[in-house]
Amino acid sequence: MLSVATINVSQENSMESVRATMERQTARRTRTDVTQMIESLFSSVKLAKDLSARCKGRALQLTDDEMQNIAQDLENALQNIYDDLGRIPASAFASNAYMDVLIKSQSMRGYSEADIPMNVTGSRPRRSFRDYDTPKLADFLQGMYHESHEYGGQIFNTLPEVAEYIEPVYDAFFCPLTNEIMTDPVTIQSGVTCDRRAIQEYIEKFPDSSEPFCCPVTKMPMQSKTVMSNASLKSVIEEWTMRNEAMRVRIARTALSLSTADTMVLEALHELKLLAKLRGKNRELMHKIGVTKFLARLLDNHSAQIQCDALELLCLLAEDEEGRDIIGKTKAIARTIKLLSSNTSVERHAAISFLLELSKSHLLLENIGSTPGTILILTTMKINNSDDPIASEKAGAVLKNLEKCTKNIKYMAESGYLEPLQSHLVEGSEEMQMEMVSFLSELVQEQELTIDITRSTSEILIKMVHNCNPMVRKAAFDVLVQLSLHRPNSKMLVDAGAVPVMIEELFIRKVDDEPVNSMASAATVLANIVESGIDPDTTVVNKEGHLLTSKYSIYNFVHMLKCFMPDDLNLSIIRILLALTELPKPLATVVAVIRENHRGHAIVELMSSPMEALSLAATRLLITLSPHIGHTIAERLCKTQGQPRKLVKSISHAGRITERQAAMAMLLAKLPYRNTSLNVALVQEGAVPAILSAIKEVQNGAARSSRHAVPYMEGLVGALVRLTGTLYSPEVLKVAMDHNLALVLTELLTGPAGSDEVQRLAAVGLENLSYLSIKLSQPPPDELLSKKNNILKLLKDPKAHSNKKSSHQQVNVCLVHRGVCSPASTFCLLEAGAVEGLLSCLENDNVRVVEAALGVLCTLLDERVDVEKSVAALSELDAARRVLGALRQHRQNVLWQKCFCVVEKLLEHGDDRCVREVTGDRVLPTALVSAFHRGDASTKQAAESILRRLHKMPDYSATYVSMEF
């Protein structure tokens, strides 16, 4: 390889350097005359040429210091030329006087025309940008993009041409080989200056050192391939390059601020992007002269292309901290966030790239995160990876940078992006974990968040429960309470060991100086977990192996129920018990513990709590327990002072129906009907008028809009029907007669708004009332008189017979009950018109309603009444067809038994038409055989009896005579 030597050009001696400095200082004095300025200009040029000649003549003899001095003076001479040209007024460039002065000065100084630089003799002398008339330049720049425009005698079409006019380039800057401005000029033996890269490529074509080669420009033969670095020219070129680029920046800035043409704005943005990529100095200048600040306004431009180019330029300017700081003080961030939702991918990509660059600055992280919509849009872009993978990837990178500011983590959590919070909660320092759990606590308290947590997050939160800091414990409990509401989290919490920790807080941990709120929170977490559907039979609560359903756990839960305990704690404990009682095994354990320890009174007392949620939960628990310890609950209600009155008052309708009212009414409907003490207490407190009034309001539609209207109505009817179970009590019987319960229940049975449960309950009440009708029905008044008294009365008063006849006509004698009946006094179903409604209920799809209706009809076929008259009355209402239809539709044992009872009476006491209708039914034999095969004992007996009547089975009670032939 051929080595290329480098020799720097220097000055001659120190005395000449001092003289050159004096000449430069003299030349830089201010002139007021154009002639003086031109003379000074040529003096500076001559000085520069002298310095250059001295360097060439003594290049190898100069020391390093002398070379540095001569280079410095050469640079000063060039600066002097720059200043003199900058002071020439604009009017002089097109003036003939100026040219005369120029030629005169040329002849005076002994210069030829060839010695004058091209920028001096030509029509493009260099000017300082600040000396140009700005309005005129603005008009010129705008005109460039409408038509060719002339300025200063020149025609330009692009912004770089304007910059070159203002800051012209010398021919000496161009490499003769490449015709491009040199970056590293060197001088070869022939005296020609070329770019180092170009001349090296030329020299490498002659690898043989003995082979002669010529100068590529002058074609003169050269003996040496050594090149000398032209440091002075390189310095001049670098300085000119800096000035040229600075001029181009200023011109583009002017074009941006003054132009209204989109094409010029785009050209200016393109120019600025090129300059920003070249060097940091250009970006610093853009910051200084306001380009960075101005670009923020272009983000609202109507042109999408201008917006994209502005974003790309801003992305370049945001590479340094100064640029990010300037951008942060503008509205660029907010406008960029708006562009993230653009329909075009180009704009989205430009916006997200710019935002990614900004997010590298720690000072802007909070500014970016706090801008409305930023986090939400970024998280949406990250999640929707399939829509735009590029934007999704960059959005993830931006979010990752934003995580460095803890406030942004909270903003992300508020937008539903919880991964950073959970990550810092698990992996962060202890201080970071406390801050994250505080954030999470604030979030769950301010808004109901549905959060899916990881196991590691669960373990950290559970660990924080044991923290000695009360604030940390409270925050951890608050978070666990909210997280446990989300069912998928419950399994995670159980796996992480939350249940034993909560049990320890409730049963074991006792801290005197700590508020009881931790116990309430622990109970709430446990209640949420149990209600989520976990298997309590396999959930271990302590190291001893006790389960949630074991007697150990339930005993402690039940004994924690106390009126003086906080309402929140009592509510959570009742919720746990309610969830456990949904399973048969723990239900039996709860019932046993309450019965053995007489803890029912605590639940009854909590039912009167002013906290509606606690009162409602206690009532629901009592409803669940009523089938098992209903009499105990009823007795406790009666013994608790004022409780019956509160119950009556609570079920009274006043305004919109609440869930609590519906639960109270349902409790009265579920407690054992034959508890005389409770029924009498309710009657004494005026329950019947209150219930009837509430039923009337619901029937009128005043409260049907409430979602609790149906259970409320069912509870009211059940509370009313319960009184029919203790009609042997004089007080209850009297109130039933006074309020005509038979007619009320009949209306409920046939009412259009009644649900299946209301119809069933009404039928049950009518059945209880109907059983008492035969006892309450009295014989007619004339049958009470003895025959002797009747004869004496006829003898004394001949008109008595006619009076008797008329009075008998006024008395309503019931053919079925064989006495005087009325709906109010004897609860007669026939008089109340209930039979038709009962027969209609047989067509109901609900088997319980059909079964209850059949039960009422069976009271009319009792042996104590006139069965023939009853069957006749039923036949007139087409009872046979409806009973057989119910038998055809349903297959339950109890219903079969009651159907067979009615069918047997119809066969036994019905007329021919009724018998034919029954025996002609095709389904009856099949149903009888099926019941005989599969039914219980009572059903088989009833079916067998009918089969005998139909001669399908032998009658063993008949007497047979044996005859022999």
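Residues numbered from 1 in each chain as written. Predicted model: local features only at pLDDT ≥ 70, side-chain atom pairs only at ≥ 80, totals over all residues. Heavy atoms only, no water.

- Looking at an unreviewed UniProt entry, the protein carries the name RING-type E3 ubiquitin transferase, with the source organism given as Urochloa decumbens.
- The record held by UniProt for the protein lists under Catalytic activity (unreviewed entry) the comment "S-ubiquitinyl-[E2 ubiquitin-conjugating enzyme]-L-cysteine + [acceptor protein]-L-lysine = [E2 ubiquitin-conjugating enzyme]-L-cysteine + N(6)-ubiquitinyl-[acceptor protein]-L-lysine."
- The UniProt entry for the protein carries this comment under Pathway (unreviewed entry): "Protein modification; protein ubiquitination." (UniProt positions renumbered as here; feature names shortened; annotations may be inferred.)

### A few points about the overall build of the protein
Part 1 of the argument: When you go through the protein residue by residue, the secondary structure sums to 53 helices and 9 strands.
Part 2 of the argument: Each of the 965 residues in the protein was classed as buried or not, and the buried ones make up 51%.
Part 3 of the argument: For the protein, the exposed surface amounts to about 46,800 Å²; the carbon and sulfur share of it is 52%. (Helix = DSSP H or I, 4+ residues; strand = E, 2+ residues; numbered from the N terminus. Buried < 20%, exposed > 50% of the residue type's maximum accessible area, 1.4 Å probe, protein only. Areas by Shrake-Rupley, 256 points an atom, 1.4 Å probe, with all protein chains shown as cover.)

### Observations regarding the packing of helix H49 (residues 879–889) against helix H50 (residues 893–909)
Part 1 of the argument: In contact at an axis separation of 10 Å, H49 and H50 are set at 150 degrees when each is read in the N-to-C sense. What the angle tells us is that H49 and H50 run roughly antiparallel. In this structure, the crossing between H49 and H50 has a hand that is left-handed. Across from Ala-880, Val-883, Leu-884, Ala-886 and Leu-887 in H49, the residues of H50 making contact are Leu-895, Trp-896, Cys-899, Phe-900, Val-902, Val-903 and Leu-906.
Part 2 of the argument: Here the residues of the contact of H49 with H50 are counted per class, giving 12 nonpolar, no polar and no charged. (Axes fitted to C-alpha atoms, helices over the stretch in contact; angles between N-to-C directions. Parallel < 35°, antiparallel > 145°, perpendicular 65-115°, else oblique. Left-handed = near helix turned anticlockwise from the far one by under 90°. Contact = heavy atoms within 4.5 Å. Nonpolar A, V, L, I, M, F, W, Y, C, P; charged D, E, K, R; others polar.)

### Some remarks on empty space enclosed by the protein
Part 1 of the argument: For the structure shown, the criterion picks out 1 cavity of 30 Å³ or more.
Part 2 of the argument: Looking at the largest cavity, its volume works out to about 30 Å³.
Part 3 of the argument: Lining the largest cavity we find Ile-188, Gln-189, Ile-203, Phe-213, Met-222, Ser-224, Lys-225, Thr-226 and Val-227.
Part 4 of the argument: Its residues assigned to classes, the lining of the largest cavity shows 5 nonpolar, 3 polar and 1 charged. (1 Å grid on protein atoms, 1.4 Å probe; cavity = no way out; pocket = protein on both sides within 12 Å on 5 of 7 lines; lining within 4 Å. Points joined across faces, edges and corners; volume = space filled by probe spheres on them.)

### Considerations on the side chain of Ser-930
Part 1 of the argument: Structurally, Ser-930 is set in helix H52 (residues 923–934).
Part 2 of the argument: Among the residues examined, Ser-930 registers a relative accessible area of 16% and is labelled buried.
Part 3 of the argument: If we ignore the near neighbours within four places in the chain, the residues touching Ser-930 are Trp-896 and Gly-935.

### As for helix H30 (residues 584–597)
Part 1 of the argument: For H30, built from 14 residues, the straight-helix expectation of 20 Å at 1.5 Å per residue is met to within 8% by its first-to-last C-alpha distance of 20 Å.
Part 2 of the argument: On its buried face, H30 sits against helix H28 (551–559), helix H29 (567–580), helix H31 (600–606) and helix H32 (612–639).
Part 3 of the argument: His-598, located one to two residues past H30, shows a positive phi value of around 50 degrees. (Expected span 1.5 Å × (residues − 1).)

### Remarks on the sheet that holds strand E3 (residues 185–187)
Part 1 of the argument: One open sheet accounts for 3 strands, arranged E4-E3-E7; its pairing is antiparallel. Only two strands of the sheet have a single neighbouring strand rather than two, namely strand E4 (193–195) and strand E7 (228–229).
Part 2 of the argument: As paired strands, E3 and E4 are joined by 3 bridges and run antiparallel to one another. Looking at the pairing, Val-186 lines up with Cys-194 of E4. (Pairing = 2+ DSSP bridges.)

### Section: the packing of aromatic side chains
Part 1 of the argument: For the structure on display, the rule yields 4 aromatic pairs.
Part 2 of the argument: Seen in terms of ring centroids, Tyr-202 and Phe-206 are 5.4 Å apart; in terms of plane orientation they differ by 65 degrees. Their pairing is edge-to-face.
Part 3 of the argument: Judged by relative accessible area, which is 17%, Phe-206 ranks as buried.
Part 4 of the argument: Here the aromatic cluster, defined as three or more aromatic residues joined through ring pairs, consists of Phe-507, Tyr-552 and Phe-557.
Part 5 of the argument: Its end group placed over the ring of Phe-294, Arg-253 keeps NZ or CZ at 5.0 Å from the ring centre. (Phe/Tyr/Trp six-rings, centres within 6.5 Å; stacked < 30°, edge-to-face > 60°. Lys NZ or Arg CZ within 6 Å of the ring centre and 35° of its normal.)

### Side note on the pattern of salt bridges
Part 1 of the argument: Evaluated as defined, the whole model comprises 36 salt bridges.
Part 2 of the argument: The closest approach of N and O atoms between Arg-197 and Glu-201, which form a salt bridge, is 3.5 Å. Of the two residues, Arg-197 and Glu-201 both sit in helix H8 (residues 196–203), 4 residues apart, roughly one turn of that helix.
Part 3 of the argument: Across the salt bridge formed by Asp-495 and Lys-491, the nearest N and O atoms sit 2.9 Å from each other. Taken together, the positions of Asp-495 and Lys-491, both in helix H25 (residues 487–495) and 4 residues apart, correspond to about one turn of that helix.
Part 4 of the argument: One salt-bridge network, held together by shared partners, links Glu-321, Arg-324, Glu-357 and Lys-360. (Salt bridge = Lys/Arg side-chain N within 4 Å of Asp/Glu carboxyl O.)

### Section: the environment of Ala-332
Part 1 of the argument: Assignment of secondary structure puts Ala-332 in helix H15 (residues 332–339).
Part 2 of the argument: For Ala-332, a relative accessible area of 0% gives the class buried.
Part 3 of the argument: Sequence separation between Ala-332 and Ala-296 is 36 residues; the distance between their C-alpha atoms is 4.6 Å.

### What to know about the nonpolar core
Part 1 of the argument: With 187 residues, the main nonpolar core has Leu-506, Phe-557 and Leu-625 as its most contacted residues.
Part 2 of the argument: When residues of this core are assigned to their parent elements, the largest contribution, 11 residues, is made by H32.
Part 3 of the argument: Leave out the neighbours within four places in its chain, and Phe-557 touches Ile-503, Leu-506, Phe-507, Leu-526, Leu-548, Ile-573, Ile-576, Leu-577 and Leu-580.
Part 4 of the argument: Formed by 56 residues, the second largest nonpolar core is a distinct cluster that contains Ala-261, Leu-299, Val-398 and Leu-399. (Core = buried A, V, L, I, M, F, W, Y, C linked by side-chain atoms within 4.5 Å.)

### Description of the environment of Asn-230
Part 1 of the argument: Mapped onto the secondary structure, Asn-230 falls in the loop between E7 and helix H9 (231–258).
Part 2 of the argument: Considering only alpha carbons, one finds Asn-230 and Thr-187, 43 residues apart in sequence, at a separation of 6.4 Å.
Part 3 of the argument: Those residues in contact with Asn-230 that lie beyond four places of it in its chain are Pro-185, Val-186, Thr-187 and Thr-193.
Part 4 of the argument: Reaching out from Asn-230, the side chain makes a polar contact with the backbone nitrogen of Leu-233 at a distance of 3.2 Å. (Polar contact = N/O pair within 3.5 Å; in protein donor to acceptor, adjacent residues only side chain to side chain.)

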